[in-house]
Each structure stands twice: as structure tokens, then as C-alpha cells.
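What follows is each chain in one-letter form.
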Amino acid sequence: MFHKAISPQAPAVLVTGGAGYIGSHAVLALLESGYRVVVLDNLATGFAWAVAEDAVFVEGDIADRDLVTGLIAEHGIVAIMHFAGSVVVPDSVVRPLAYYDNNTAKSRTLIESAVAGGVSHFIFSSTAATYGIPARVPVRETAPTRPINPYGWSKLMTEQMLADTAAAHPLNVGILRYFNVAGADPLGRTGQSTAGATHLIKVAVEAATGKRDHVAIYGTDFVTPDGTGVRDYIHVSDLAAAHVRALERLIAEPAENLLLNCGYGRGYSVREVLDSVDRVANCRIERRLAQRRAGDPPALVANNRRILATLDWRPDRDDLDTIVADALAWERRLAEGTPPAARASSPEPQVSSR
Amino acid sequence: MTGTTMPPVLVTGGAGYIGSHTAMRLAETGFQPIVFDNLSNGHRDFVRWGPFEEGDIRDGDRVRAVLEQYRPCAIIHFAALIEVGESVRFPERFYEVNVGGAATVLAAARRAGIDKFVFSSTCATYGTPQRLPMDESHVQAPLNPYGHSKLMVETMLRDMAGADEMRSVLLRYFNAAGASAAGLIGEDHEPETHAIPLILDAVAGRRPGFAIFGSDYPTRDGTAERDYVHVEDLAEAHVLALRHLLGGGASRSYNVGTGRGTTVRELIAAVEAVTGRACPVRLAERRDGDAAALVAEPARLMAELGWRPTRDLHAILGSAWKWHRSLHAIGEPA
């Protein structure tokens, strides 16, 4: 495949959590746009093999001040994209302090290192969970933030710290609130690889490849067209591209901060997702109806007008079957063994068949 | 110290203004206060009622070592940065000390098996009052990083209570004021930003006068109205909160205030009456983020824990003046 040659003068970006699901896709997008990339990941849930070859990989902790300020100085980091964090909502309810430590307190230390190192731009991986149960759907960025679990709070606290930091220091911030991220790199270089997945499309493609024997549908009596929960699924590669466009905007408009929903502005129900997986995988996943889970809103869909108006970003893979096909292709690679491809050898481009 | 059976309680920030008064009250009521303070704002000579352990709440190893050594039955957590204006200029400091530090103490407490925590919070977590007096169900929308940092810790503690990780009482102070009747400890901030010590400085001639920030508020005389609670009454609230937790009580949040507001002009007049000296006044613009009025509804604390504010404004100012004169060696007027 074609890589743009990366100039040693290109701006350098530190990507925390760059060995994880979304982070590893952002690394690819940054490299393809000509940025230099340094990945910092403690491999708690990420994989070294998921880091693109052209990135510098450093195993370490975002709260290690000496390490981070050293990396900033050594590589001339101008921007940080901060993905590292814990993401399992039910786990956050059981172990809140662990989430406040890993997501909030460690992010705080990272922000401090960014200020101390003179980093100019900071992009933060936030979540629609900061809205809680929205009164109106689609949700705008101006909707009240009322998280309903420690995960959402831990992210909202980091947003607040960043907003206050941007007001006090010469650094601008981009806060990207993700809706439901799914799919995998269309070229099969990375995907969602962490075991114990709880996200619907991941779980469904695991079922389609025989890793699970069924998929639970939590709640069939929501006030939605077919009674199951509706979510706004965004392809991880489109999301990664949004990060690069957001960075460009922060560089071009240093006095401006960004708060942007990342979604397609359209929702699919659980049944629609499972039907799509059946269709794409040519199988029939067993559905098991289960009770609603506490805190699941009936529908969570982004109003994405702001990101479309602000960034030079247009979704490229805004199609449920495409998302599912890419997720399925990656799942099949994983089923062949982890790591799916040795980092040293260039994997064959895998184009999803639809 | 002879009270070998007095249960130890860790008091972070116990060398500070409110922390030291609470340590005194703990000792008076049968506890052994273990003061943990880095003396960045605290005073070594305010530690008089139990052992002193110098240390920083951001240093998890140090906190753990002190918890191991004393095995306290609970933690009362005061240590924090408190100056609102500084929080706007240096938010990262506030999030580091107030949020990161609290998270570090909480993690150390969990490891040591301590599950009771009294937290020093503030009415600044409410932000602009939607109604007065403010009760605990008032919406919390802080106006500055200081208020946000305190609210974040409240949120952590609420979620930890839900997960049975920690039981806690959150005490939201209104304006703490006054000094211990014994005259050993009192308010001594650097820089001083609180109204009463500043007015006392003005009447004592230690400052050229006192600036009233805003005289066009929608209050009875146009100046800002606050709920001043005597620091000894506030200290008592902490002991009641501690006893509540030790008795198996559930996690709660409480306002600590008198329910009565005093305007700046009323405060000045009262200081003049108590000291017998005139306060030169200068009118200045309102400051960003200052509410017109902040008055507590303390009914919950009174009903559930039996707390009473027993010292009125006259007692507050009398004790503050006595302390202020001894602190600054202020004599009788010539």
C-alpha cells in the first residue's frame, strides 16, 4: 500500500492509547496525513502489534510525568491525542475509584505534562455517555451533561479540566464525544481486539464467527420502532479521520476550542444490527431476549451538524452493512490467531466483500 | 497524651484553619486526631491535639505509611487549595491537589481497609443560587475550577458509596469564620482573601481600608450577602458526621451554615461595634463569579445529626478580633 513519505519536519503527535481500538486507527489516519506519530500505551488493554510500523511505540504510563515530558521534548510534540482510558461502563459502576483514577486522575497528570511541555493542541476521546439519558434525540452538544455512571462522569471531569486549562494556558482543546464506535480498518491492519467485548457489533460478529453461541437483546419494550435500543454507529475509520480533521482545525484556529459529537446522526436498532450481521455473514445469529439493563437509554443518536459545519470531514463509510462487513473481516482475522499479522510483515490488504 | 484508647482519626489538612479547629474538637470528644499536612498553607503550631505527620496527599506511599502506622477508624479530608481566583489562573493545580490528591487518599484508604470518609466540600459546588436559602437538592453547577474540583470529589464519593467502596459524609460549608475561644488557633491565610480578617486589618490600620466589591446587588443594602458560620460550630459538624459514619450511618451530604445571611455592610457595622473602631471603606466593582447572596438551608444537618449553630455573628467577630489582635500584636488604640 501507499504511504506518504513522512518528513522529519512534519508535526509530531503523541497518541496515548495508540495500541488500543480507536487509538490504533487514529495512528493510521495521522500517518496517512503525513504526521509523525509517537504512541504511548501501557498495554493494559492494547496490543503492541496494533501500532503501525511507521509510528514510534513507547510502552509506558500516561501519568509518568518524566516519561511524558521527555517524549514531548525529544520528539517535539505539538499535539496530544488522548485515547488511553478504561471504557467498560458496568465495570465502572462496580469499581468507580479505579475509573476516577485511571481516567480522571491520570488524564489530569497528562494535561499537566502537556502544559509543562508547551504542547499546543490536545484532543480528547470523550463519549456520549456524558449526556446520560438525553431529554431530546438527536442530541446536540449543548444538551445538559448528566452522566448516569462513573465512566461518563470520569470523562466529563476530564472535559472540565481541559476547558479550564485551555482558558488559562496557551493550548487549545478538541473534545470529541463518540457515539457507538464500530467496524475496523478496511485494509485489515487493526480492529477491535480486546477480549470480553460488550459492544453490540463486536459481540454480534463474534457470534457470527462461532466465538459466542448467541447475542442477548437487552430490552424489547423501549419506545422505539421495533422496541429494541437505537444507537448511532460510527465507523472507526471515519472517527479516526475526524480526529485528524479536528487537529488540523485546532492548528489553524489556535484561539478556538472544539466540542463535537461524532456520529452519523442516524440510529439503528439492535434488531437492525443483528439482521445486518446475518445478511453480511450469511448466517443466523441466535437472539435471546433479556431484561433491559439499568441506565440504557432507549435511543442515543447524535446531532452531528456541528462537526459537519466545523470540520472538513465527511463520513466515508456511513453504511451499516459496511461497518458490519469490516468488523466481521477483522473478527475472522482474529479467529485465525492473535496477533492477526506479524507487525514486521505487511499484511495483505483485505477488502471487505459485500 | 494519655488517652491510649482514643480512636485515631486521620485529619488531612489538619494544620489549616478549619482542620485545626476540627482536630481540637476531636480531641475534646474522645478521638485522637492524626494531623497529616504538607504545611504549604497550614501552620505547624496549629497542631496541638495529637501527632503530626508531615506529608503530601499526592504522595500515595506516604499516605499509606501513615495509615499503616496509626490504623485510623476514619479519614476527615480537608487538605485542598481554596483560593477561587487562583483556581481560574492555575486550574491544573486545583485538579492536581484537590481531585488527584483526594483520589490518592481514597485509594490508600481502600488499601488500608478504611471505609469512612468525611469530606470538606463547599457551597461553591452550587454555583449561582436558583433559590435561597439553598438546600442540598439545589442544582450543582460550579462557576470556577475550585468549585468543580470539589464537586468532582463529591461525585467520586457518591459513586464509591453506590459500589460499597466507601461511606462518606459531604459537608458543604458556607462562610467559615471566627476562631477558637481558647485563642490558640484562628484564621491566618497568605494571601488573605476572606472578608472578616480583611475588615479587621482595616479597622486595625494594617490596611488602608476595606474594598466592598459591588454595591449594586439585589440585596437589602446592595452589598453581597453571605452565611457566616462559626468555625467551632463547623468543627462540631465534622465530629457529628464522623459519629454518624462510625454508628453505621449511610452516606449523606449536608450544608453547614446558619440559615441567616449577613451583608457586607452589616458585617462592617458589626465589626465596628465589636472592635470600637471605624472601618475605612472603598467601593469597587463586582468581581466575576461572586453571587449576590449565598445562604444555607441547614435543616437536614440539624434534623438528622442534631447539629445547632450555637455561636452568633457577635461571637464570631469577638473571637476573630481576639485572634487577630494576638496574631498581629495589635494593642489598644492610643
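Everything numeric in this text was worked out from a predicted model, so none of it was measured. (Residues numbered from 1 in each chain as written. Chains lettered and ligands numbered in written order. Predicted model: local features only at pLDDT ≥ 70, side-chain atom pairs only at ≥ 80, totals over all residues. Heavy atoms only, no water.)

Caption draft 1: Quick look at the overall build of chain A. On a plain count of helices and strands, chain A comes out with ten helices and 14 strands. In terms of C-alpha radius of gyration, chain A reaches 19 Å, essentially the compact-globule figure of 20 Å for 354 residues. Taking the principal axes of the C-alpha coordinates as reference, chain A spans close to 55 × 45 × 40 Å. Scored against the burial criterion, the 354 residues of chain A give a buried share of 56%. A sequence separation of at least 24 residues applies to 77% of the contacts in chain A between residues at least 6 apart. Across chain A, the centroid of the 34 positively charged side chains sits 5 Å from that of the 39 negatively charged ones. (Helix = DSSP H or I, 4+ residues; strand = E, 2+ residues; numbered from the N terminus. Rg over C-alpha atoms; globule rule 2.2 N^0.38 Å. Buried < 20%, exposed > 50% of the residue type's maximum accessible area, 1.4 Å probe, protein only. Contact = heavy atoms within 4.5 Å. Lys, Arg positive; Asp, Glu negative; His and termini not counted. Charge placed at Lys NZ, Arg CZ, Asp CG, Glu CD.)

Caption draft 2: Main features of the packing of aromatic side chains. Residue and element names in this part refer to chain A. All chains considered together, the criterion is met by five aromatic pairs over all chains. On the basis of an interplanar angle of 35° and a centroid distance of 6.2 Å, the ring pair of Trp49 and Trp330 is categorised as tilted. Linking Trp49 in the loop between strand 2 (36-41) and strand 3 (56-59) with Trp330 in helix 10 (residues 320-335), this pair joins segments that are 281 residues apart in sequence. The same class applies to Trp49 as to Trp330, namely buried. A ring pair is formed by Tyr131 and Phe179, whose centres lie 6.4 Å apart and whose planes are at 35°; its orientation type is tilted. Of this pair, Tyr131 sits in the loop between strand 5 (121-127) and helix 5 (150-168) while Phe179 sits in the loop between strand 6 (172-178) and strand 7 (180-182), and the two are 48 residues apart along the sequence. Each member of the pair, Tyr131 together with Phe179, is buried. An aromatic cluster is defined as three or more aromatic residues linked by ring pairs; in this entry it consists of Phe47, Trp49 and Trp330. (Phe/Tyr/Trp six-rings, centres within 6.5 Å; stacked < 30°, edge-to-face > 60°.)

Caption draft 3: Up close: the sheet that holds strand 9 (residues 230-231) of chain A. All names here are of chain A. Pairing within the open sheet is mixed, and its three strands lie in the order 12-9-14. Strands with a single pairing partner mark the edges of an open sheet, and in this sheet they are strand 12 (268-269) and strand 14 (299-300). In terms of strand pairing, strand 9 meets strand 12 through two bridges, oriented antiparallel. Residue pairing for strand 12: Val230 is matched across the bridge by Ser269. (Pairing = 2+ DSSP bridges.)

Caption draft 4: Just the interface of chain A and chain B, in detail. Tallying the contact residues gives 20 residues for chain A and 21 residues for chain B. Across the chain A/chain B interface, buried area totals approximately 1,700 Å², and carbon plus sulfur atoms make up 69% of it. Summed over the shared surface of chain A and chain B, the number is one salt bridge. The tally of links from chain A across to chain B stands at six residue pairs in polar contact (both at pLDDT 80 or more). Of all the elements in the fold, those that place two or more residues in the side of chain A that touches chain B are helix 3 (89-94), helix 4 (96-116) and helix 5 of chain A. For the side of chain A that touches chain B, the leading source of residues is helix 5 of chain A, giving eight residues. Looking at the side of chain A that touches chain B, its residues break down into eleven nonpolar, four polar and five charged. (Buried area = accessible area lost by both parts, 1.4 Å probe. Salt bridge = Lys/Arg side-chain N within 4 Å of Asp/Glu carboxyl O. Polar contact = N/O pair within 3.5 Å; in protein donor to acceptor, adjacent residues only side chain to side chain. Nonpolar A, V, L, I, M, F, W, Y, C, P; charged D, E, K, R; others polar.)

Caption draft 5: Region of the structure containing the sheet that holds strand 2 of chain A. All names here are of chain A. Read from one edge to the other, the open sheet built from seven strands follows the order 3-2-1-4-5-6-11, with strand pairing classed as parallel. Strands with a single pairing partner mark the edges of an open sheet, and in this sheet they are strand 3 and strand 11 (258-262). In this sheet, adjacent strand axes meet at a mean angle of 20° when their direction is disregarded. Both strand 6 and strand 11 contribute to a ladder of five bridges, which runs parallel. (Axes fitted to C-alpha atoms, helices over the stretch in contact; angles between N-to-C directions.)

Caption draft 6: Representation of helix 2 (residues 65-75) of chain A. Residue and element names in this part refer to chain A. Along helix 2, the residues classified as buried are Val68, Leu71, Ile72 and His75. In a view along the axis of helix 2, the buried residues occupy a sector of 100°, so they form one face of it. Of the residues in helix 2, the exposed ones pointing more than 90 degrees away from the buried face are Asp66, Ala73 and Glu74. Of the surrounding elements, those touching the buried residues of helix 2 are strand 1 (12-16), strand 2, strand 3, strand 4 (77-82) and helix 4. (Arc of directions from axis to C-beta.)

Caption draft 7: Expanded view of the nonpolar core. Grouped together as the largest cluster of nonpolar side chains are 63 residues, with contacts concentrated most on Val15, Leu30, Met81 and Ile201 of chain A. Excluding residues within four positions of it along the chain, Leu30 of chain A makes contact with Val13, Val15, Tyr35, Val37, Met81, Val244 and Leu247 of chain A. (Core = buried A, V, L, I, M, F, W, Y, C linked by side-chain atoms within 4.5 Å.)

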